[in-house]
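In case you want the letters, here they are:
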2 protein chains.
Amino acid sequence: MKGQPARAISERTIERLSLYRRLLAKLARQQSPHVYSHTLASLAHGTPAQVRRDLMLIGFSGSPARGYNIQDLIDRIDLILDSPDGQRIALVGVGNLGRALLAYIAGQRSKLAIVAAFDRDPAKTGRLINGIPCHSILDMPDFIRSRKITLAVLAVPQDAAQSVVDTLVASGIRAILNFVPVPIRVPRHVHVDDLDMMMSLEKLAYFARQAGNGD
Amino acid sequence: MKGQPARAISERTIERLSLYRRLLAKLARQQSPHVYSHTLASLAHGTPAQVRRDLMLIGFSGSPARGYNIQDLIDRIDLILDSPDGQRIALVGVGNLGRALLAYIAGQRSKLAIVAAFDRDPAKTGRLINGIPCHSILDMPDFIRSRKITLAVLAVPQDAAQSVVDTLVASGIRAILNFVPVPIRVPRHVHVDDLDMMMSLEKLAYFARQAGNGD
DNA sequence: TAGATTGTTAATCGATTAACAATC
DNA sequence: TAGATTGTTAATCGATTAACAATC
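Residues numbered from 1 in each chain as written. Chains lettered and ligands numbered in written order. Predicted model: local features only at pLDDT ≥ 70, side-chain atom pairs only at ≥ 80, totals over all residues. Heavy atoms only, no water.

Colleague: Provide a residue-level description of the relation of the copies chain A and chain B, including the pertinent values.
Modeller: Of the two same-sequence chains, chain A is brought onto chain B (RMSD 0.0 Å, axial shift 0.0 Å) by a rotation of 180°. Such a turn and shift between the copies fits a two-fold axis. When C-alpha distances to the rotation axis are compared across chain A, the minimum falls at Ala100(A), with a value of 3.1 Å. Of the interface residues in chain A, 100% have counterparts in chain B that sit at the interface too, so the contact is made through matching surfaces. (Least-squares fit on C-alpha atoms with pLDDT ≥ 70 in both. Contact = heavy atoms within 4.5 Å.)

So, in structure tokens, the structure goes:
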């Protein structure tokens, strides 16, 4: 069964759809039930042409007179981005950053939910952290398999990263949000998104300097 | 005075230079003092052609016989990415995420250092958090100006984001690492990098699903 | 020397933007 | 109707990759 047109939507477009949905949710609480491409574009810091093209790619139509129906568009994006029965996330590495991510992600209401955390340190396992059960990393493979967890957030020490990733992949994980500043190797069917804060800071530092050493 | 060739290096290339430097630092502790483009490429998950092109752009040369000298290359990248007298960072928003970022960034040794944190909540100000002084957000403009802080990390609640950004910009901030999931408006000379975790998770969830709903 | 690698230009690829007929 | 907006194709732009002469 092929629910959607199944034609590949690019990574960039998926990112923007996620952003559009968030902006539309705010718009929905306001005046008009419709929005023009130029309005949404300006909220998203994009161009009207890009908004129209993105919506074309997901087969969503508007009207030249009124623009796009906000609620219908939200529903359409939900259909694409959300899995009907939600998707479960495992957090691996319950250090400072891991705990903050736990609180942060739990705070957003979404079809995505962290259902378990794992750590090597026995002092951290066997109890709830931010309402999420924290288990020994030894129990991770069974847990991921039995609970059909497909996503992982990686926040372990650098040295442990690759071996934890290998375990995650062997357990059936399909995508990893990686906070560890080291390139991790995965098979082609597994997706990785690297959020490398030091790299971002170094990049910003460079461009801040370029911006004008004037005064 | 024009220290570097000053020809614009692209954002992507700067990101890779930051990554190369990190990988080279590890290589430097090992066997050979030289590295080939294909070796560095494979560590960085890139292509040899891209590595050579990046190094060409910064005017760094190797030898067909031995490849690139590791220490010389590190020194060259330092010259481009680092400011001789370091660059100071302000953290705004000392919630769960802010405190974790404080610990994380302090942990990396770098020419970049968080020198102050700011929060609206009086319960959090007037004391050290992770060794960093935390001040009232009212003192922020003076502090940023007098200490010549050019970078900011933004981790405040959504509602406060834009007004805090306006204050930062007015105080002379040149670049912002933004963890708040809302598009912020800045003048053209200010650089923003958005690290939007929920967007990344939603993107990964989509591609994890595409990857094969097979079994 | 023969063989591998560098430095650099040209070709390719993908994504964004412009343009404009069709529509309300 | 006149005027603005949509839907979509074509043009543009930027970044990556391929190719290969020069070099060690």
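Colleague: Mind laying out the interface of chain A and chain B, listing which residues take part and the relevant values?
Modeller: The accessible area lost on association of the parts is a frequent measure of interface size. At the interface, 65 residues of chain A touch 65 residues of chain B. Summed over both sides, the interface between chain A and chain B buries roughly 6300 Å², with carbon and sulfur atoms accounting for 64% of that surface. At the junction of chain A with chain B, the criterion picks out 10 salt bridges. Put simply, Lys203(B) and Glu15(A) hold a salt bridge, and the shortest N to O gap is 2.7 Å. The tally of links between chain A and chain B comes to 27 residue pairs in polar contact (both at pLDDT 80 or more). Going through the elements one at a time, helix H1 (11–28), helix H4 (70–81), strand S3 (87–92), helix H5 (96–107), strand S7 (151–154), strand S8 (175–178), strand S9 (191–194) and helix H8 (197–210) of chain A are the ones with two or more residues in the side of chain A that touches chain B. For the side of chain A that touches chain B, the element with the highest residue contribution is H8(A), accounting for 13 residues. When its residues are assigned to classes, the side of chain A that touches chain B shows 37 nonpolar, 13 polar and 15 charged. (Buried area = accessible area lost by both parts, 1.4 Å probe. Salt bridge = Lys/Arg side-chain N within 4 Å of Asp/Glu carboxyl O. Polar contact = N/O pair within 3.5 Å; in protein donor to acceptor, adjacent residues only side chain to side chain. Helix = DSSP H or I, 4+ residues; strand = E, 2+ residues; numbered from the N terminus. Nonpolar A, V, L, I, M, F, W, Y, C, P; charged D, E, K, R; others polar.)

Colleague: Explain the sheet that holds strand S4 (residues 112–119) of chain A residue by residue, including any values.
Modeller: Residues and elements named next belong to chain A. Spatial strand order, S5-S6-S4-S3-S7-S8-S9: seven strands in an open sheet with mixed pairing. Of all the strands in the sheet, the pair left with one neighbour each is strand S5 (127–129) and S9. Pairwise comparison of adjacent strand axes, ignoring direction, gives a mean angle of 30° for this sheet. Sheet strands in contact with helix H7 (residues 158–170) are S3, S7 and S8, and its direction is about 170° off that of S7. (Pairing = 2+ DSSP bridges. Axes fitted to C-alpha atoms, helices over the stretch in contact; angles between N-to-C directions.)

Colleague: Now, about the protein's contact with DNA strand D: what can you tell me, with residues and values included?
Modeller: DNA strand D sits among 22 residues. The nearest are Ser37(A), Arg52(A), Ser61(A), Gly62(A) and Tyr68(A). Close to the protein, within 4 Å, the atoms of DNA strand D are drawn from sugar and phosphate at a rate of 65%. Between DNA strand D and the protein, one listed contact pairs a phosphate oxygen with a side-chain N or O atom of His38(A) at 3.0 Å. At the level of elements, helix H2 (37–44) and helix H3 (48–57) of chain A together with helix H1 (11–28) and helix H3 (48–57) of chain B are the ones that each hand at least two residues to the surface near DNA strand D. For the surface near DNA strand D, the element with the most residues is H3(B), which contributes four residues. Grouping the amino acids of the surface near DNA strand D by side-chain chemistry returns seven nonpolar, nine polar and six charged. (Near = heavy atom within 4 Å.)

Colleague: Which residues make up H7(A), and what are the values?
Modeller: All names here are of chain A. Of all the positions in H7, only Ala160, Ala161, Gln162, Val164, Val165, Leu168 and Val169 are classed as buried. Along its buried surface, H7 packs onto S3, helix H6 (140–146), S7 and S8. Of the residues one or two after H7, Gly172 is the one with positive phi, at around 110°. (Buried < 20%, exposed > 50% of the residue type's maximum accessible area, 1.4 Å probe, protein only.)

Colleague: Mind laying out the protein's contact with DNA strand C, listing which residues take part and the relevant values?
Modeller: Around DNA strand C, a shell composed of 22 residues is seen, among which Ser37(B), Arg52(B), Ser61(B), Gly62(B) and Tyr68(B) lie nearest. Atoms of DNA strand C within 4 Å of the protein belong to the sugar or the phosphate in 65% of instances, the rest to bases. Gln50(A) is positioned with one of its side-chain polar atoms (N or O) 3.2 Å from a sugar or linking oxygen of DNA strand C. Among the secondary structure elements, those contributing two or more residues to the surface near DNA strand C are H1 and H3 of chain A together with helix H2 (37–44) and H3 of chain B. Residue contributions to the surface near DNA strand C peak at four residues, all from H3(A).

Colleague: Now, about empty space enclosed by the protein: what can you tell me, with residues and values included?
Modeller: Within this structure, the stated rule accounts for four cavities of 30 Å³ or more. The volume enclosed by the second largest cavity comes to roughly 60 Å³. Together, Glu202(A), Ala205(A), Arg21(B), Leu81(B), Asp82(B), Ser83(B), Gly86(B), Gln87(B), Ser110(B), Lys111(B) and Leu112(B) line the second largest cavity. For the lining of the second largest cavity, the residue count by class is three nonpolar, four polar and four charged. (1 Å grid on protein atoms, 1.4 Å probe; cavity = no way out; pocket = protein on both sides within 12 Å on 5 of 7 lines; lining within 4 Å. Points joined across faces, edges and corners; volume = space filled by probe spheres on them.)

Colleague: Explain the sheet that holds strand S8 (residues 175–178) of chain B to me, using residue names and the numbers behind them.
Modeller: Residue and element names in this part refer to chain B. Taken together, seven strands build an open sheet; the order of strands is S5-S6-S4-S3-S7-S8-S9 and the sheet is mixed. At either end of the open sheet lies a strand with only one pairing partner, and these are strand S5 (127–129) and strand S9 (191–194). Strand-to-strand, the axes of this sheet are offset by a mean angle of 30°, without reference to chain direction. Alignment of S5 against strand S6 (residues 132–136), held across three bridges, turns out to be antiparallel. Across the sheet, the residue bridging to Arg127 is Cys134, located in S6. Seen against the sheet, helix H5 (residues 96–107) touches strand S3 (87–92), strand S4 (112–119), S5, S6 and strand S7 (151–154) and runs at an angle of roughly 160° to S4. Relative to the sheet, helix H7 (residues 158–170) contacts S3, S7 and S8, its axis offset from that of S7 by approximately 170°.

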